[in-house]
Structures are given as C-alpha cells and as structure tokens.
Amino acid sequence: MKTAKITKILKGSNHAEVFRAGYSDFAGDELAEEDVQRGNGAQWLSNGAASYQMDSMPLIRSVGQFCATFDVPEKKRESFFFRFSGLPEYLQFERWDPRLAGAVRLPVSLVTDDRRIELFSYVHPVNGQSRVMFIDALYLTPFDGMDNLTFCVMQDRLVVFDGVFTCAVIHPMDIRDDELSAALMQAQREIQQSCRERDFEITQRERKNREARGFAD
C-alpha cells in the first residue's frame, strides 16, 4: 500500500484512530504502558470510514508521534480527533476466509461534483440477493498499481485482501437520492460509450477476419 495516500486520507479527515488487539479505549495524548504491553497483532490506522493495516510501520504510541510521522502541523493538531482503541469486531481477522461473500469491482465509476464512486457487486450471504456497494474511490487510492487484490464483503463492509492477507476494511457510502440520480446518469453515459467502443472493436475484428479469409464485405 502507498503510505502517502493513507496520510492524505487521514489528514484530510482530521480524524485518526489506532486500533490494536489488547488496547483499551483511550482518548489521551499517549498510550499507557500497560496497553503497550497488552497490545498484540497488527496495528490499524483508521479515519472512521476506512481502516488500513499498518503493521510494517513503527508502533504509534502518542499523538505527538503520530503528528510527527504523518507531518500534521501544530495548528491543525488542535482540531484533529485522535484516539487509541481495541480492535473492533469487524477487524478481528487477518486472513482470507472462504466463508466471506466475494465482491466484484464493476468496470464503471459514478462521478459527482466532488468525488468518484466505485461500484462493487456481491451476493448477500444470508438472503442470496445480488447487491451493489458504493465505495468512495479515495479510500482505494492506497492500492493504486496493486494487481493481486481480492475483494469481499463482511458485516456490510468491503474487505480488501492482498493475496490472503487483510489490508483494509472500508465502510460503504450512504448516498443521497439526488446525488445518486446524477451519478447514475453519468454511469449510464459511460456504459453506453463503453458498449459503442466494444461493438466497434468487434466489428473491426470481424472485418479483418473476413478479409484474411478472402471475403469482402
């Protein structure tokens, strides 16, 4: 994952939470030593909407260390929400589980005035109904250029795997009706354009095949 992208997400949200198994909820400036000793497993950083496993970076133990690591200026620190917390239930796993509902990233994005929305289709594991989940594309930018990703849905959240290891859990968007309507119109235009381009490519390919066999149109 691209740490710079995660930094941008956290700083843009003015919100950061450090999750780790064994921690107690703590809103102070520095992690208690007993929590450090009890903590185990992966360290996660979250802005409340997207959580990223950051086990490869040094353990965050204080607000000051976080601000220094992620270059949060002093004047912004006053408005920054920060806390340490134990691992939420939706993060209490580390590897691929075949019981998870697989999700497919659709080839069309929805575009509004201020954001791009990615669509993921999946089959609900309880009622078997096909559903579509809307994900803010900003939360997928840390995975730009990564090809070995797998997507699943667990507890109505999108889970991102790199191979068999969990690297992110992202909450879906709650889209207002007017915003969704405008986005769907844009999606329809993109789908129609994609279909036209596909049909043109097929026509061209078929014509070349006919010419190669000695047939004329």
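This section reports on the structure supplied with the text.

So, how was this worked out
Residues numbered from 1 in each chain as written. Predicted model: local features only at pLDDT ≥ 70, side-chain atom pairs only at ≥ 80, totals over all residues. Heavy atoms only, no water. Core = buried A, V, L, I, M, F, W, Y, C linked by side-chain atoms within 4.5 Å. Buried < 20%, exposed > 50% of the residue type's maximum accessible area, 1.4 Å probe, protein only. Contact = heavy atoms within 4.5 Å. Helix = DSSP H or I, 4+ residues; strand = E, 2+ residues; numbered from the N terminus. Pairing = 2+ DSSP bridges. Polar contact = N/O pair within 3.5 Å; in protein donor to acceptor, adjacent residues only side chain to side chain.

**Remarks on the nonpolar core**
Line of reasoning, step 1. With 38 residues, the main nonpolar core has Tyr52, Phe66, Leu158 and Val160 as its most contacted residues.
Line of reasoning, step 2. Setting aside residues up to four positions removed in sequence, Val160 forms contacts with Phe143, Leu149, Thr150, Phe151, Phe165, Thr166, Cys167, Ala168 and Ile170.
Line of reasoning, step 3. With 12 residues, the next largest nonpolar core counts Ala42, Tyr90, Leu91 and Phe93 among its residues.

**Brief notes about the pairing of strand S1 (residues 15–21)**
Each regular strand carries side chains that alternate between the two faces of the sheet.
Line of reasoning, step 1. For S1, the buried fraction is high: six of the seven residues fall into the buried class.
Line of reasoning, step 2. With five bridges joining them, S1 and strand S4 (residues 81–85) adopt parallel strand pairing. What sits directly across from Phe19, in S4, is Ser85.
Line of reasoning, step 3. Relative to strand S2 (residues 40–46), S1 runs antiparallel, the two sharing four bridges.

**Points about the environment of Asn47**
Line of reasoning, step 1. Within the element layout of this structure, Asn47 appears in the loop between S2 and strand S3 (50–53).
Line of reasoning, step 2. Each residue touching Asn47, except ones within four places of it in the same chain, is listed here: Ile9, Leu10, Ser13, His15 and Tyr139.
Line of reasoning, step 3. For Asn47, the side chain forms a polar contact with the side chain of Ser13, separated by 2.8 Å.
Line of reasoning, step 4. Side-chain polar atoms of Asn47 contact the backbone nitrogen of Ala49, separated by 2.9 Å.

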